[in-house]
Every structure is written in structure tokens, then in C-alpha cells.
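Descriptive analysis of the structure
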Amino acid sequence: MLSSRTEDNIMYERMLDGQTQPSYEEFTEYCGERKALLEKADDFLINQLHAEKEMRFPYGKHYGWGLKYSLKRKHLCDIFAENGAFTVMLRLADSQFDKMYEGALLETKKLIDNKYPCGSGGWIHYRVLTWQQLEDVFKMLRLKAGIG
């Protein structure tokens, strides 16, 4: 079972069969032409931030299979595979968003401006389609990990 989400008239489907856990290879392959971006994100989280990862089916059937990345007990982000893309879901404090806002891509600024509020910060769902977008995600993850 797949969920379809649209953005700019492009369809993205997620891995929604909660009964069948994909392998890491199946997860990355599902991202199609964005597979290299996802592998770079995974490498960054594991080798530079020293995060641990866990494949899980969180948040109900609309999110699908994702990789949870944590630094000790601190949740850094979830990455959800999509057909032809992937989405990074993360929460930052407003002060952290402020630190990276200047110099961020227009798409990143729009996501920050429209974040889902939570306490003194908020959640964003960043669909990664380009290397430049991935660099903005890396900046946010460094801030989340306390090294940016």
C-alpha cells in the first residue's frame, strides 16, 4: 500500500506496508534518482554526527517506513523514503532556525516560515531533491546536534 503526496504537481509515494520491513538497500533504492542524496545524508549522520539509526514504522500509516537517527538519547531526525525523493523530518528551536535562516535557500526559508509550531520551535518536513537542499539540511542537523 502506498500513500501519494503531491508537491508542484509531482507525485511522491511512501513505503506504507507496515507488515513488511524493507532492507536498507530497498529503502534507498526506492528513492530512485535521489538515492545518492539519501546515501550521503546517511553517511553524514553516521560518520560525522556519530548518530545511531533504526528502521521503524512511526507516526501511523501516512508516514510509512523511516530511518530514525539519534545521538545518544537525543532524536535528531527521521528520514522517510519516497518514490523519487525522501523527506527529512526534524524539530529545531526558533533560535536554531534563526541561526541558519540567513544564507539559506528560498525553499528552506519557506519551510521555516511555515513550520509546524511546537514549544519554542517547530517541526519541518524537508523533501530533498537537490544537493543544495541537502546542504541546508546538514546545517540544521549540525545545529540540532549542537555543533553548528
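This structure is a prediction, so every number in the text was calculated from the model and none was measured.

As a further point, take the overall build of the protein chain. The number of helices and strands found in the protein chain is five helices and eight strands. Its helices and strands taken in sequence order, the protein chain reads β-β-α-α-β-β-β-β-α-α-β-β-α from the N to the C terminus. Its C-alpha atoms give the protein chain a radius of gyration of 15 Å, within 12% of the compact-globule value 15 Å for 148 residues. Its C-alpha atoms give the protein chain principal-axis dimensions of about 40 × 35 × 30 Å. Across the 148 residues of the protein chain, 45% fall into the buried class.

Structurally, Lys144 is set in helix α5 (residues 131-145). Asp78 provides the closest opposite charge to the buried, salt-bridge-free Lys144, at an N-O distance of 9.7 Å. Residues within four places of Lys144 in sequence aside, it is in contact with Lys74, His75, Leu76, Arg91, Leu92 and Gln96.

Following both chains from N to C, one finds helix α3 (residues 94-101) and α5 inclined at 140 degrees, their axes separated by 10 Å at the closest point. Accordingly, the angle class assigned to the pair α3 and α5 is oblique. Between α3 and α5 lies a crossing whose hand is right-handed. Two secondary-structure elements touch here, α3 through Gln96, Phe97, Lys99 and Met100 and α5 through Asp136, Lys139, Met140, Leu143 and Lys144. Tallied by class, residues from the contact of α3 with α5 come to four nonpolar, one polar and four charged.

The next subject is unusual backbone geometry. The backbone of His50 sits at a positive phi, close to 60 degrees, despite the residue not being glycine. Structurally, His50 can be placed in the loop between α2 (35-48) and β3 (52-56). With relative accessibility at 58%, the residue His50 sits in the exposed group.

What counts and how
Counting of residues starts from 1 at the beginning of each chain's written sequence and follows it residue by residue. With the structure being a predicted model, the display of local features is reserved for residues of pLDDT at least 70 and the display and counting of side-chain atom pairs for 80 or more, all residues being used for whole-chain, interface and lining totals. Heavy atoms from the whole structure form the basis of all side-chain values; hydrogens and water molecules are not counted. Numbering goes from the N terminus for both helices and strands, where a helix is a DSSP run of H or I of at least four residues and a strand is a run of E of at least two. As a reference, a globule follows 2.2 Å times the number of residues to the power 0.38, and the radius of gyration itself is taken over C-alpha atoms. The buried label goes to any residue with under 20% of its type's maximum accessible area, the exposed label to any with over 50%, and the partly exposed label to all in between, with areas taken from a 1.4 Å probe on protein chains only. Charge counting follows a simple rule: Lys and Arg are positive, Asp and Glu are negative, and His as well as the terminal groups are ignored. The salt bridge criterion pairs a side-chain nitrogen of Lys or Arg with a carboxyl oxygen of Asp or Glu, the two atoms within 4 Å. Any two residues whose heavy atoms approach within 4.5 Å at even a single point are treated as in contact. Only the stretch in contact is used when fitting a helix axis, every axis being a line fitted to C-alpha atoms; angles between N-to-C directions are given from 0 to 180 degrees. If an angle is under 35 degrees, it is roughly parallel; if it is over 145, roughly antiparallel; if it lies from 65 to 115, roughly perpendicular; otherwise it is oblique. Helix crossings fall into two classes, left-handed where the near helix is turned counterclockwise from the far one by less than a right angle and right-handed where it is turned clockwise. Each residue is assigned to one class: nonpolar for Ala, Val, Leu, Ile, Met, Phe, Trp, Tyr, Cys and Pro, charged for Asp, Glu, Lys and Arg, and polar for all the others, Gly among them.

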